[in-house]
Amino acid sequence: MAKIANVSVGTVDRIIHNRGQVSEENIEKVNAIIKEYGYTKNIFASNLAFNKKFKFAVFLPKNKNIEYWQAPIIGIKKAAEELAKFGVIIDYFFFDYNTISFNDTASKLLELDYEGLLFAPIFYEESISFLKEYKKKNIPIVMIDSNLQEIDGIAYIGQDSYQSGYLGGKLISYGIKTESNVLILKITRNVESTTRTNVFLQRIKGFYSYFKENKHLPKFNFTEISIKYDTEKQLTKDMFVGIDCVFVPNSRVHVIAKFIKDNNLKDIRVVGYELLKQNLKFLNDGVIDFLIHQKPEDQGYLGINHLYKKSVLKEPVEDIHYMPLEIIVQENCTIKK
């Protein structure tokens, strides 16, 4: 470019980076060449030359003994390894599954500065409050697992809960020719004000919508029962009398599958979520028929890449990225008996 403009390399550098004294004539000449040849700044080279670092914060529930939350960390670490050579550094902030720990961790994070944040909103009101404050930093934020649509300008990578529930309805009805009795088992934590509760409700809403929109189906009768997250003894055989299909709108479907197997209940179609080891065991045992997978590992990986593209490369990135709905059955399950 300097050769074409008949100026020094230093002059071109000062014009591109808008620093130093340069004549208007040379500025016009170099800018015309930039426009003609479509020159773009090499961000990689610039960052390497100045040894620039980009720090992203990851704000998630603690994953010890919680298999689901171990998965996004795998994806995050994979992305971090790939981007480390470009100056990306990840700092982790974990909270216990209670609002006190969440608020304490959130307060610490609000005092620190980062180029981007990856966040899994768990407690609804607390997450809303945190995001409103964190948005004032004017940096990219990406949510995974659950989407809080009440806050504008924040990216989301995860499953469309309504559509996944709709798919659950389709899987329940698949191949059924006669009247059927469906049990919807909601397994909830003691803390009700969570974004997960909204996820379950959206899945159930989508589930019912499938049957409302498909009038050609045989008659389906529905029963909803809620049990607590940590209490398996709430299940009784009476709940399953006359039931031939069970839909569990979360990853605790293995609790239901174990009860069905232990009590030798036959001919019940079971649909649930996530590739937890216990879920896969009962899938391979033939107790669970379908698992819908929302790829939490990929969410973590794509979340960090989203922050990198938006914060470092300054590229336009779609704010909503719905994960493909992956259906897992015995035949395509990678974990064998």
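Reading the values: the criteria
- Residues numbered from 1 in each chain as written.
- Predicted model: local features only at pLDDT ≥ 70, side-chain atom pairs only at ≥ 80, totals over all residues.
- Heavy atoms only, no water.
- Helix = DSSP H or I, 4+ residues; strand = E, 2+ residues; numbered from the N terminus.
- Polar contact = N/O pair within 3.5 Å; in protein donor to acceptor, adjacent residues only side chain to side chain.
- Contact = heavy atoms within 4.5 Å.
- 1 Å grid on protein atoms, 1.4 Å probe; cavity = no way out; pocket = protein on both sides within 12 Å on 5 of 7 lines; lining within 4 Å.
- Points joined across faces, edges and corners; volume = space filled by probe spheres on them.
- Pairing = 2+ DSSP bridges.
- Right-handed = clockwise from strand over helix to strand, strands pointing away.
- Axes fitted to C-alpha atoms, helices over the stretch in contact; angles between N-to-C directions.
- Parallel < 35°, antiparallel > 145°, perpendicular 65-115°, else oblique.
- Left-handed = near helix turned anticlockwise from the far one by under 90°.
- Buried < 20%, exposed > 50% of the residue type's maximum accessible area, 1.4 Å probe, protein only.
- Expected span 1.5 Å × (residues − 1).

Moving on, we get to the side chain of Gln-159. Relative to the helices and strands, Gln-159 is located in the loop between strand 5 (155–158) and helix 8 (161–173). Among the polar contacts made by the side chain of Gln-159, one reaches the side chain of Ser-164 at a distance of 2.9 Å. Gln-159 has contacts with Ser-164, Arg-203, Tyr-273, Ile-292, His-293, Gln-294, Gln-299, Tyr-322, Met-323 and Leu-325, leaving out every residue within four places of it along the chain.

Time to look at the layout of surface pockets. There is about 300 Å³ of room inside the second largest pocket. Taken together, 16 residues form the lining of the second largest pocket, with Asn-147, Gln-149, Ser-161, Asn-198 and Gln-202 sitting closest to its centre. Every element with two or more residues in the lining of the second largest pocket is listed here: helix 8 and helix 9 (195–213). The element best represented in the lining of the second largest pocket is helix 9, accounting for 4 residues.

With 8 bridges connecting them, strand 1 (residues 54–61) and strand 2 (residues 88–95) associate as parallel partners. Paired with Phe-56 across the two strands is Ile-90, which belongs to strand 2. Crossover connection from strand 1 via helix 5 (residues 67–83) to parallel strand 2: handedness right-handed.

Moving on: the packing of helix 10 (residues 253–262) against helix 11 (residues 277–284). Taken N-terminus to C-terminus, the directions of helix 10 and helix 11 make an angle of 40°; their axes are 9 Å apart at the nearest point. For the element pair helix 10 / helix 11, the angle class is oblique. In this structure, helix 10 crosses over helix 11, and the sense of that crossing is left-handed. Touching Val-253, His-254, Ala-257, Lys-258 and Lys-261 of helix 10 are Gln-278, Asn-279, Lys-281 and Phe-282, all from helix 11.

Moving on, we come to the pairing of strand 5. Alternating positions in strand 5 separate into two faces, Ala-155 and Ile-157 on one and Tyr-156 and Gly-158 on the other, with burial throughout. In this sheet, strand 5 lies alongside strand 4 (residues 141–144) in parallel orientation, the contact comprising 3 bridges. Note that in strand 5 the partner of Ile-144 across the bridge is Ile-157. For strand 5 and strand 11 (residues 320–322), the ladder comprises 3 bridges, and the chain directions are parallel. Counted as the bridge partner of Tyr-156 is Ile-320 from strand 11.

Taken in spatial order, the 6 strands of this open sheet run 7-6-8-9-10-12, and their pairing is mixed. Pairing within the sheet leaves two strands with one partner each, and these edge strands are strand 7 (220–228) and strand 12 (326–328). Each adjacent strand pair in this sheet contributes to an overall mean axis angle of 20°, direction not counted. As paired elements, strand 6 (residues 180–188) and strand 8 (residues 245–247) share 3 bridges and run parallel to each other. Following the sheet pairing, Val-182 is matched in strand 8 by Cys-245. Contacts from helix 8 reach strand 6, strand 7, strand 8, strand 9 (269–273), strand 10 (290–293) and strand 12 within the one sheet, and its direction differs from that of strand 9 by about 160°. Those strands touched by helix 10 are strand 6, strand 7, strand 8, strand 9 and strand 10, and its axis lies near 155° from that of strand 9.

Turning our eyes to something else, we now look at the sheet that holds strand 5. Spatially, the 6 strands line up as an open sheet ordered 2-1-3-4-5-11, and their pairing is parallel. Of all strands in the sheet, those bounded by a partner on one side alone are strand 2 and strand 11. If you compare each strand with its neighbour and ignore which way they point, the axes differ by 15° on average. Relative to strand 3 (residues 116–119), strand 1 runs parallel, the two being bridged by 4 bridges. Its bridge partner lying in strand 3, Phe-59 is registered against Phe-119. Running over the sheet, helix 5 touches strand 1, strand 2, strand 3 and strand 4 and is turned about 165° from strand 2.

Another point: helix 5. One turn of the α-helix equals 3.6 residues, which is why residues spaced by three or four share an orientation. If you check helix 5, its first and last C-alpha atoms are 25 Å apart, about what 17 residues at 1.5 Å a residue would give, namely 24 Å. Burial in helix 5 covers these residues: Tyr-68, Trp-69, Ala-71, Pro-72, Ile-73, Gly-75, Ile-76, Ala-79, Ala-80 and Leu-83. On its buried face, helix 5 is in contact with strand 1, strand 2, strand 3, strand 4 and helix 12 (296–312).

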